[in-house]
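Chain and residue survey
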Amino acid sequence: MNDGNEITARQRPLMEATLRLIGRRGLDGVTHRAVAAEAKTSLGAVTHHFRSRDALIEAALRHALARETGRLRALALSLQDKAIDVDAWIDSLVVWYDRELKTDAEMHIACYEAFLAAARTPHYRLVVEEWFETWRRSAQLALAAAGSSDPQRHAELFVSALIGLVFRQLAAPRRAFRRETISVLSELVSRLLQRG
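Being a predicted model, the structure only gives us computed values, none of them experimental. (Residues numbered from 1 in each chain as written. Predicted model: local features only at pLDDT ≥ 70, side-chain atom pairs only at ≥ 80, totals over all residues. Heavy atoms only, no water.)

**Considerations on the overall build of the protein chain**
Counting its regular elements, the protein chain contains 9 helices and 0 strands. Each principal axis of the C-alpha atoms in the protein chain carries an extent, and together these give about 60 × 30 × 30 Å. Taking all 196 residues of the protein chain together, the buried fraction comes to 47%. Taking as baseline every contact in the protein chain between residues at least 6 positions apart, the subset at least 24 positions apart corresponds to 67%. A total accessible area of about 10,300 Å² is found for the protein chain, and carbon and sulfur atoms account for 52% of it. Averaged over its 28 positive side-chain charges, the protein chain has a centre that lies 5 Å from the centre of its 24 negative ones. (Helix = DSSP H or I, 4+ residues; strand = E, 2+ residues; numbered from the N terminus. Buried < 20%, exposed > 50% of the residue type's maximum accessible area, 1.4 Å probe, protein only. Contact = heavy atoms within 4.5 Å. Areas by Shrake-Rupley, 256 points an atom, 1.4 Å probe, with all protein chains shown as cover. Lys, Arg positive; Asp, Glu negative; His and termini not counted. Charge placed at Lys NZ, Arg CZ, Asp CG, Glu CD.)

As structure tokens, then:
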């Protein structure tokens, strides 16, 4: 039985299957039976670990955000040496997202579902806030290194723009995502730095 906070190795495939379903069908597409079919396991295996549908969804959303936060932290560390070269930092960031959205769009859609769940249910908010904070810290470091006069505020603007551009790509994919996103974010950062 799971309380939604810790995921075991046996539960991980159930979480991944649930997230794929959320990415394809939304929260309404998640049932114990659908998860069992997606994970290629028995219905009993799903109900053994997650008695209720709500517990299953909550655990999957928490897993998605925790996984994404870990990946964002790793990305932020890998980009630290590029923080002083803002163009290289933005380019690497957008290339990473471009690849992610092509290979793992369902996980990112599930994260946006978690954001909506946090708007409706307060107990998701701490996990979602940790996700945003990871992005803010990374952007703040890069913008401070680039000479921003107000790196915290500028990071908020940058992260908001990035999240919006990624959401737009998920909702209405464009072939020129990489080029257009690099251009928009570069212009935004350039203007923020000029104002300083």
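**Thoughts on the environment of F177**
Inspection of the secondary structure puts F177 in helix α9 (residues 177–195). As for F177 and H63, which are separated by 114 residues in sequence, their C-alpha atoms are 27 Å apart. Here F177 is in contact with V94, Y97, D98, L101, L165 and Q169, once residues within four sequence places are set aside.

**Re the pattern of salt bridges**
As a working rule, side chains carrying opposite charge can pair if their charged atoms are close by. Tallied over the full model, the rule gives 14 salt bridges. R67 is paired through a salt bridge with D104; the nearest N and O atoms lie 2.8 Å apart. Taken as a pair, R67 in helix α4 (residues 53–79) and D104 in the loop between α5 (86–103) and α6 (105–120) lie far apart in primary sequence, 37 residues in all. The salt bridge involving E133 is made with R136; its shortest N-O contact spans 2.9 Å. Here R136 and E133 lie together in helix α7 (residues 125–145), a separation of 3 residues that amounts to about one turn. We classify R136 as buried; its relative accessible area is 14%. (Salt bridge = Lys/Arg side-chain N within 4 Å of Asp/Glu carboxyl O.)

**Examining empty space enclosed by the protein**
Across all of its chains, the model carries 1 cavity of 30 Å³ or more by this definition. Approximately 40 Å³ is the volume found for the largest cavity. Lining the largest cavity, in full, are E68, Y97, H108, C111, Y112, W131 and V166. With 3 residues, α6 is the single largest residue contributor to the lining of the largest cavity. (1 Å grid on protein atoms, 1.4 Å probe; cavity = no way out; pocket = protein on both sides within 12 Å on 5 of 7 lines; lining within 4 Å. Points joined across faces, edges and corners; volume = space filled by probe spheres on them.)

**What to know about the confidence of the model for the protein chain**
Across the protein chain, the average pLDDT comes to 87, with 94% of residues at 70 or higher. Ranking the elements of the protein chain by mean pLDDT puts α4 last, at 81, and helix α2 (residues 32–39) first, at 97. (pLDDT = per-residue confidence, 0-100.)

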